[in-house]
Amino acid sequence: MNHGSKAWRLGLLALAMFGFGFALIPLYDVFCDITGLNGKTANTAAVAAQQVDEQRLVTVEFITYQNTGLGGDFSPSVNRLKVHPGEMHRVDFTVTNPGVDNRVLRAIPSVSPGRAAGYLRKTECFCFEEQPLDGLARAVMPMTFYVDEALPDDIEVFTLSYTLYDISEQVASKG
């Protein structure tokens with residue numbers, strides 16, 4: 001096999017790997033939707049619960065992360081909350097922008113264990129939309145939720161985490 005043939009095959013392999021990598025995100029989303037894995041939560045508001053199970057308490061933990069280089073602060077008003085399934089709660093998340101440039105932020109939620117994600121019902125969430133934040137500003141972003149009464153009995157604690165991303169460049173390139 002000559003060098004030209006090898007280079008051609010390596011080029012095709014590189015192109016195929018790039019295409020596969022590009023397709024992974026939508027394929028992963030479909031896989032998560034089908035299997036319910038990875039703790040993805042709904043992207044739309046839920047309807048308020050009709051009844052509260054006062055015989056049961058579930059602990060919901062809140063964790064926040066920021067994408068590298070974002071700076072500032074991103075934190076929940078509480079780190080842990082004991083809730084009755086069906087009972088409505090509000091947790092505020094505070095974010096600061098230490099820079100002078102305006103930013104557009106996007107929060108991506110995740111629930112662990114992943115099985116609990118299907119039972120977290122958010123009626124209002126800053127994660128449903130992009131969040132504009134002026135330079136040197138601070139914002140309080142609410143999240144209102146309840147835990148579905150059908151949450152399996154073996155799940156007594158679950159964690160809701162948000163990772164905050166600066167999507168200013170992507171928004172600017174669209175507009």
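You'll find the structure just up there.
Bear in mind that the values here come from a model prediction, so they are computed numbers and not experimental data.

(A) Spatial organisation of the overall build of the protein. Assigned secondary structure in the protein consists of two helices and nine strands. When the helices and strands of the protein are placed in sequence order, the string is α-β-β-β-β-β-β-β-β-β-α. Within the protein, counting contacts between residues at least 6 apart in sequence, those at least 24 apart form 75% of the total.

(B) Geometry of the state of the cysteines. Applying the stated criterion across every chain, the model contains one disulfide. Disulfide pairing is shown between cysteine 125 and cysteine 127; the S-S distance is 2.5 Å. Handedness of the cysteine 125-cysteine 127 disulfide follows from its S-S torsion of about 125°: it is right-handed. No difference in accessibility class separates cysteine 125 from cysteine 127, as the two residues are buried.

(C) Quick look at the pairing of strand β4 (residues 89–96). With three bridges connecting them, strand β2 (residues 74–76) and β4 associate as antiparallel partners. Each bridged residue has a counterpart across the sheet, and for phenylalanine 74 the counterpart in β4 is valine 95. Bridge count for β4 against strand β8 (residues 138–147) is eight bridges, and the pairing is antiparallel. Bridging from a neighbouring strand, histidine 89 pairs with phenylalanine 145 of β8.

(D) Up close: the sheet that holds strand β3 (residues 80–83). The strand order across the open sheet formed by five strands is β3-β1-β9-β5-β7, and the pairing between neighbours is mixed. Looking at strand neighbours, the two that pair on one side only are β3 and β7 (131–133), the edges of this open sheet. Across the sheet, the mean angle separating the axes of adjacent strands is 30° when strand polarity is ignored. The pairing of strand β5 (residues 103–112) with β7 spans three bridges and is antiparallel. Residue pairing in the sheet places leucine 105 in a bridge with glutamine 131 of β7.

(E) A look at the nonpolar core. In terms of nonpolar packing, the biggest core is built from 30 residues, with Phe62, Phe126, Met143, Phe145, Phe158 and Tyr162 touching the most fellow members. Among the elements of the structure, β1 (58–66), β3, β4, β5, β6 (120–125), β8 and β9 (157–166) are those that each provide at least two residues to this core. Those residues in contact with phenylalanine 62, other than ones at most four positions away along the chain, are Pro76, Val78, Asn79, Arg80, Leu81, Val91, Phe93, Met143, Phe145 and Leu160.

(F) Main features of the environment of proline 76. Examined against the element boundaries, proline 76 turns out to sit in strand β2. Given a relative accessible area of 15%, proline 76 falls into the buried group. Sequence separation of proline 76 and proline 142 is 66 residues, and the distance between their C-alpha atoms is 9.4 Å. Once residues within four sequence positions are removed from consideration, proline 76 is found in contact with Phe62, Thr64, Val91, Asp92 and Phe93.

(G) Seen up close, unusual backbone geometry. With an omega of 0°, the peptide bond between serine 112 and proline 113 qualifies as cis. As for its placement among the helices and strands, proline 113 is situated in the loop between β5 and β6. Here leucine 136, not a glycine, exhibits a phi torsion of approximately 60°, which is positive.

(H) Fine view of the packing of aromatic side chains. For the structure on display, the rule yields seven aromatic pairs. Ring geometry for phenylalanine 62 against phenylalanine 93: centres 6.2 Å apart, planes inclined by 75°, an arrangement best described as edge-to-face. In this pair, phenylalanine 62 sits in strand β1 while phenylalanine 93 sits in strand β4, placing the two residues 31 residues apart along the sequence. The two residues phenylalanine 62 and phenylalanine 93 agree in class, both being buried. Arranged with centres 6.2 Å apart and planes meeting at 35°, the rings of phenylalanine 74 and phenylalanine 93 form a pair that is tilted. Note that phenylalanine 74 is positioned in strand β2 and phenylalanine 93 in strand β4, a separation of 19 residues in sequence. Accessibility classification places phenylalanine 74 together with phenylalanine 93 in one group, the buried group.

What counts as what
Residues numbered from 1 in each chain as written. Predicted model: local features only at pLDDT ≥ 70, side-chain atom pairs only at ≥ 80, totals over all residues. Heavy atoms only, no water. Helix = DSSP H or I, 4+ residues; strand = E, 2+ residues; numbered from the N terminus. Contact = heavy atoms within 4.5 Å. Disulfide = S-S within 2.5 Å. Buried < 20%, exposed > 50% of the residue type's maximum accessible area, 1.4 Å probe, protein only. Pairing = 2+ DSSP bridges. Axes fitted to C-alpha atoms, helices over the stretch in contact; angles between N-to-C directions. Core = buried A, V, L, I, M, F, W, Y, C linked by side-chain atoms within 4.5 Å. Phe/Tyr/Trp six-rings, centres within 6.5 Å; stacked < 30°, edge-to-face > 60°.

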